[in-house]
Amino acid sequence: MTSTNPNSTNLINREDVNEMIENAIRRHNRRSTIISAILGWILIGGYSFGLFHVVQSI
């Protein structure tokens, strides 16, 4: 999209670049939060399942 020619009209301005970066960071944070929450629930569920089995066998 960019060109090395300073007279070209296909240049991206600083505001557009900052907006693209912010959107990418926001998308990454949203996805990583969802993945962390899912992994957390799986680990808590596995731990609770094992704990209940240990307590039940006592």
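Quantities reported herein were computed from a predicted structural model and do not represent experimental measurements.

Undergrad: If you had to explain the overall build of the protein to someone new, which residues and values would you point to?
TA: Scanning the protein from N- to C-terminus turns up one helix and zero strands. Burial status across the protein gives 0% buried among its 58 residues. Of the roughly 5,600 Å² of accessible surface on the protein, 63% is carried by carbon and sulfur atoms.

Undergrad: How would you explain a positive patch on the surface if you had to name every residue and give the values?
TA: A cluster of basic residues, R26, R27, R30 and R31, forms a positive patch at the surface. With respect to the element layout, R27 can be found in helix α1 (residues 14-57).

Undergrad: Outline the UniProt feature "transmembrane region" (unreviewed entry) in the protein, listing residues and values.
TA: UniProt's feature table lists "transmembrane region" (unreviewed entry) at residues 34-55, given in the numbering used throughout. End C-alpha to end C-alpha, residues 34-55 measures 31 Å, and it is 100% helix and 0% strand.

Undergrad: Outline a nonpolar patch on the surface, listing residues and values.
TA: On the surface, I34, I35, I38, L39 and I42 cluster together into a nonpolar patch covering about 500 Å² of accessible area. Mapped onto the elements, I42 comes out in helix α1. On the basis of relative accessible area, I42 is assigned to the exposed category, the value being 54%.

Undergrad: A description of a negative patch on the surface should follow, citing residues and the corresponding values.
TA: Taken together, the side chains of E15, D16, E19 and E22 define an acidic patch exposed on the protein surface. Position of E22 among the secondary structure elements: in helix α1. A relative accessible area of 48% means that E22 is categorised as partly exposed.

What counts and what doesn't
- Residues numbered from 1 in each chain as written.
- Predicted model: local features only at pLDDT ≥ 70, side-chain atom pairs only at ≥ 80, totals over all residues.
- Heavy atoms only, no water.
- Helix = DSSP H or I, 4+ residues; strand = E, 2+ residues; numbered from the N terminus.
- Buried < 20%, exposed > 50% of the residue type's maximum accessible area, 1.4 Å probe, protein only.
- Areas by Shrake-Rupley, 256 points an atom, 1.4 Å probe, with all protein chains shown as cover.
- Patch = residues over 30% accessible without salt bridge, like charges linked within 9 Å, V, L, I, M, F, W, Y side chains within 5 Å.
- Salt bridge = Lys/Arg side-chain N within 4 Å of Asp/Glu carboxyl O.
- Lys, Arg positive; Asp, Glu negative; His and termini not counted.
- Charge placed at Lys NZ, Arg CZ, Asp CG, Glu CD.
- UniProt positions renumbered as here; feature names shortened; annotations may be inferred.

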